[in-house]
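Structural features, examined
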Amino acid sequence: MAHQFKSVDRDAGMLLPHNMLDWVPEGHAVRVVIDAVERLVTRDLAARLVPPAPKGSAAGPARYDPVMLLTVWMYAYLRGVLSTRAVEDRCRYDATFRVACGRLVPDHTTFSRFRRHLFAQAGLAEDLFYRVLHVCALAGLGRLTVVAGDGVKITANASKEASRTEAGLRKLAAQVVAGARKAAADEDADTGVLPGTDLLLGGDTVPPRPDPRSRAGRVLACLEGLEAEREATEAAAREQGRAYLEALAAGTAAVGRPPAAVALAAQQLRLETAIAAEETTLADWQARRAAGCRTGRPPARPGTGKKARKARARLEALQAQAAAEAGQAPDAGNEKKAAKAPQRNVTDPDSRLLPVRGGGFVQGYNCQDAAADDRLMLGGYACQDTGDMLQAQDLARVAEKGAAVVAAAHAVHAADPALLAKCHDRMCTLPGRGKHDPGHDIAACHAAMTGGIGVLVQDAGYHSEANLTAPGPARLIADGKTSGLARREPAQGPPPAGATPLEANAHRLRTPGGRAAYKRRAPDVEGLHASLKDQGSLRRFSLRGLHNATSEFLFAGLAGNLRLLAAIS
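Because the structure is predicted, anything quoted here is derived from the model rather than measured.

Quick look at the overall build of the protein chain
Along the backbone of the protein chain there are 22 helices and eight strands. Counting the 569 residues in the protein chain, one finds 41% classified as buried. For the protein chain, restricting intrachain contacts to residue pairs at least 6 apart in sequence, the fraction spanning at least 24 positions comes to 68%. Accessible surface for the protein chain amounts to roughly 31,000 Å². Of this, 55% is attributable to carbon and sulfur atoms.

What to know about the packing of helix α7 (residues 124–138) against helix α13 (residues 392–414)
Close contact between α7 and α13 brings their axes to 8 Å; oriented N to C, the two are set at 40°. One element, α7, and the other, α13, form an angle in the oblique class. For the element pair α7 and α13, the recorded crossing hand is right-handed. Here Glu126, Tyr130, Leu133, His134, Ala137 and Leu138 of α7 come into contact with α13, specifically with Val398, Lys401, Gly402, Val405, Val406, Ala409, His410, Val412 and His413. Looking at the contact of α7 with α13 residue by residue, the classes come out as nine nonpolar, four polar and two charged.

Thoughts on the pairing of strand β1 (residues 146–155)
Walk down a regular strand and you will see the side chains alternate between the two sheet faces. Counting buried positions along β1 gives eight out of 10 residues, so the element sits mostly inside the fold. Alignment of β1 against strand β7 (residues 455–458), held across three bridges, turns out to be parallel. For Val146, the partnering residue across the bridge sits in β7 and is Val455. Taken together, the eight bridges between β1 and strand β5 (residues 361–371) define a ladder with antiparallel strand orientation. Residue pairing across strands places Val152 opposite Cys367, the latter belonging to β5.

A few points about the environment of His117
Along the chain, His117 falls in helix α6 (residues 108–120). Distance in space between the C-alpha atoms of His117 and Asn548 is 10.0 Å, their sequence separation being 431 residues. Filtering out sequence-adjacent residues up to four positions away, His117 remains in contact with Arg48, Leu49, Val50, Pro51 and Pro52. There is a polar contact of 3.0 Å between the side chain of His117 and the backbone oxygen of Arg48.

What about helix α10 (residues 260–290)?
Its 31 residues give α10 an end-to-end C-alpha distance of 45 Å, which sits within 8% of 45 Å, the value for a rise of 1.5 Å per residue. Buried within α10 are the following residues: Val262, Ala263, Ala265, Ala266, Gln267, Leu269, Leu271, Ala274, Glu278, Leu282 and Trp285. Phi turns positive, to about 85°, at Gly292, one or two residues after α10.

Some words on the side chain of Arg563
Mapped onto the elements, Arg563 comes out in helix α22 (residues 546–568). Polar contacts involving the side chain of Arg563 include one to the main-chain carbonyl oxygen of Leu78, which spans 2.9 Å. Contacts of Arg563, omitting those with residues within four sequence positions, involve Tyr77, Leu78, Ser531, Gln535 and Gly536.

What about the confidence of the model for the protein chain?
For the protein chain, the mean per-residue pLDDT works out to 84, and 89% of the residues sit at or above 70. Confidence drops under a pLDDT of 50 for residues 191–206, and excluding neighbours within four residues, the segment shows 32 contacts in the predicted structure. Low pLDDT, under 50, characterises residues 328–339; the predicted model gives this stretch 14 contacts beyond four residues in sequence or across chains.

Notes on unusual backbone geometry
Where the residue is not glycine, phi is negative for most of them; where a peptide bond is considered, it is trans in most cases. At Arg375, a position not held by glycine, the phi torsion is positive, near 70°. Relative to the helices and strands, Arg375 resides in the loop between β5 and β6 (377–383). Given a relative accessible area of 38%, Arg375 falls into the partly exposed group.

With respect to the packing of aromatic side chains
Considering all chains together, one arrives at seven aromatic pairs under this definition. On the numbers, 5.7 Å between centres and 55° between planes, the contact of Trp73 with Tyr77 is tilted. Within this pair, Trp73 and its partner Tyr77 are both found in helix α3 (residues 66–79), separated by four residues, close to a single helical turn. The residues Trp73 and Tyr77 share a single accessibility class, namely buried. A ring pair is formed by Tyr77 and Phe555, whose centres lie 5.1 Å apart and whose planes are at 85°; its orientation type is edge-to-face. Here Tyr77 is found in helix α3, whereas its partner Phe555 is found in helix α22, with 478 residues between them in sequence.

A word on the nonpolar core
With 102 residues, the main nonpolar core has Leu70, Val72, Met74, Leu118, Phe553, Phe555 and Leu562 as its most contacted residues. In terms of nonpolar packing, the next biggest core, distinct from the first, is built from eight residues, Leu169, Ala173, Val219 and Leu226 among them.

Observations concerning the pattern of salt bridges
All told, the structure shown has 16 salt bridges when counted by the stated rule. Residue Arg539 is joined to Asp534 by a salt bridge in which the shortest nitrogen-to-oxygen separation is 2.4 Å. By relative accessible area, which is 48% here, Arg539 ends up partly exposed. One connected set of salt bridges, linked through shared partners, spans Arg143, Asp373, Arg520 and Asp524.

Scoring rules and cut-offs
- Residues numbered from 1 in each chain as written.
- Predicted model: local features only at pLDDT ≥ 70, side-chain atom pairs only at ≥ 80, totals over all residues.
- Heavy atoms only, no water.
- Helix = DSSP H or I, 4+ residues; strand = E, 2+ residues; numbered from the N terminus.
- Buried < 20%, exposed > 50% of the residue type's maximum accessible area, 1.4 Å probe, protein only.
- Contact = heavy atoms within 4.5 Å.
- Areas by Shrake-Rupley, 256 points an atom, 1.4 Å probe, with all protein chains shown as cover.
- Axes fitted to C-alpha atoms, helices over the stretch in contact; angles between N-to-C directions.
- Parallel < 35°, antiparallel > 145°, perpendicular 65-115°, else oblique.
- Left-handed = near helix turned anticlockwise from the far one by under 90°.
- Nonpolar A, V, L, I, M, F, W, Y, C, P; charged D, E, K, R; others polar.
- Pairing = 2+ DSSP bridges.
- Polar contact = N/O pair within 3.5 Å; in protein donor to acceptor, adjacent residues only side chain to side chain.
- Expected span 1.5 Å × (residues − 1).
- pLDDT = per-residue confidence, 0-100.
- Phe/Tyr/Trp six-rings, centres within 6.5 Å; stacked < 30°, edge-to-face > 60°.
- Core = buried A, V, L, I, M, F, W, Y, C linked by side-chain atoms within 4.5 Å.
- Salt bridge = Lys/Arg side-chain N within 4 Å of Asp/Glu carboxyl O.

Here you go:
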């Protein structure tokens with residue numbers, strides 16, 4: 001039997017609607033983005049969006065509208081198109097992008113310059129995020145009954161092979177200086193010093209600080225960061241060692257050996273005390289001798305007495321033990337050993353070497369965010385901590401700020417019965433008959449869902465007594481793996497009287513309500529992370545630096561919120 005195929009006629013004429021908005025249907029994502037931008041952009045905000053003119057440029061022709069560039073970038077992040085060249089290409093050949101840019105086609109340099117300006121400004125990306133959050137909440141998003149917080153590792157715009165220890169950075173700095181001096185001494189060199197190698201070449205005068213964007217500037221920033229971190233760690237250990245010695249003298253020290261860092265600092269203080277005592281003894285002997293008093297044999301030179309020698313020997317033994325426990329000097333071929341020594345990345349000094357689930361490390365940032373029960377992102381930021389423990393309280397404050405924006409938007413619905421009924425009907429999780437039952441109080445149900453955070457749920461990475469008792473919303477933090485929580489004996493009612501915060505939290509995790517609330521954590525916040533990475537393509541940051549990473553993370557988050565808004569439009 002012969003097959004029949006539809007004919008292909010690539011020369012056929014085609015007419016498009018005169019109005020570009022008719023190219024896409026009602027409720028399309030690009031229409032949602034355009035409407036959202038029109039609602040949130042004010043004159044003051046539009047003025048902040050204007051990037052500075054390129055250096056050395058004359059007045060020239062008219063520049064591209066920054067509001068249009070913002071619209072294109074919002075739609076691009078919604079579609080997961082993060083490359084400036086790809087955005088330029090889409091503006092030429094993709095009908096939806098042509099609607100967003102109004103048939104103008106800025107080149108990739110314009111898009112790149114605008115994005116750098118947008119992310120570099122302090123607070124601009126955060127301001128845009130909360131404005132979009134308010135628009136989404138007005139449309140009926142943001143169920144706050146359960147809010148989930150978590151962290152996600154996102155790769156920096158840098159290779160982890162560019163990470164160096166302090167010794168490696170000093171070696172690299174010496175190579176940069178040697179190369180710059182060779183270029184300066186080269187008779188055939190026209191420029192004298194190669195660009196990006198201006199590190200410590202000032203001679204007898206104070207050397208000028210190199211450009212932070214140059215290789216020398218990034219090496220210097222890495223060295224300064226490591227030195228500051230080492231000094232802060234040593235100061236903290238020294239203070240802990242002093243407190244340990246005082247507790248030891250008072251008889252209130254904890255039973256057992258102190259941590260290695262505290263023991264080292266305490267022994268260093270013992271050595272310094274012994275040397276100071278010997279210096280005092282020597283000074284007294286010299287004063288009596290100068291006064292003509294009878295003196296015996298001169299005391300030992302400071303640092304050579306019996307107590308000082310004993311303290312020094314003990315200190316050297318502790319240092320040798322600490323070096324052995326640290327696995328000696330890390331090498332580049334062993335990733336686990338290399339991760340133990342403090343490192344900085346020459347390409348992006350703000351990024352860190354972070355462990356990831358399943359083993360291994362990535363060079364990137366630990367991004368913290370909070371999601372409502374319908375995956376609406378309430379806020380977030382990038383940090384440099386390898387774990388989540390120290391970020392729980394900051395994340396709770398971010399979640400409360402986003403929840404306040406959502407609550408303010410939903411307060412508008414409470415004043416309008418029609419809006420209230422529509423919003424409640426979309427957000428209420430009761431079965432169809434239950435939400436329309438005559439005895440069901442719609443206003444009270446809506447207020448419970450949108451008035452504030454019901455409970456903030458987090459995984460075991462945030463579990464500590466300090467995080468459970470910190471001010472803020474009610475918390476439910478796992479104290480073990482999810483599989484282990486499900487196998488625990490169920491509990492009923494409130495925690496027993498006299499329970500500690502850790503015991504009360506463990507009790508709530510075993511109650512039906514606690515189990516139901518914690519089950520929402522993974523689909524809410526981990527679902528948000530999957531959306532950011534898979535649909536938004538945010539697996540690697542486009543720009544470098546902690547501030548730019550936070551700005552891009554928030555911008556990707558607002559695009560994800562607009563994606564949710566388009567889904568219900």
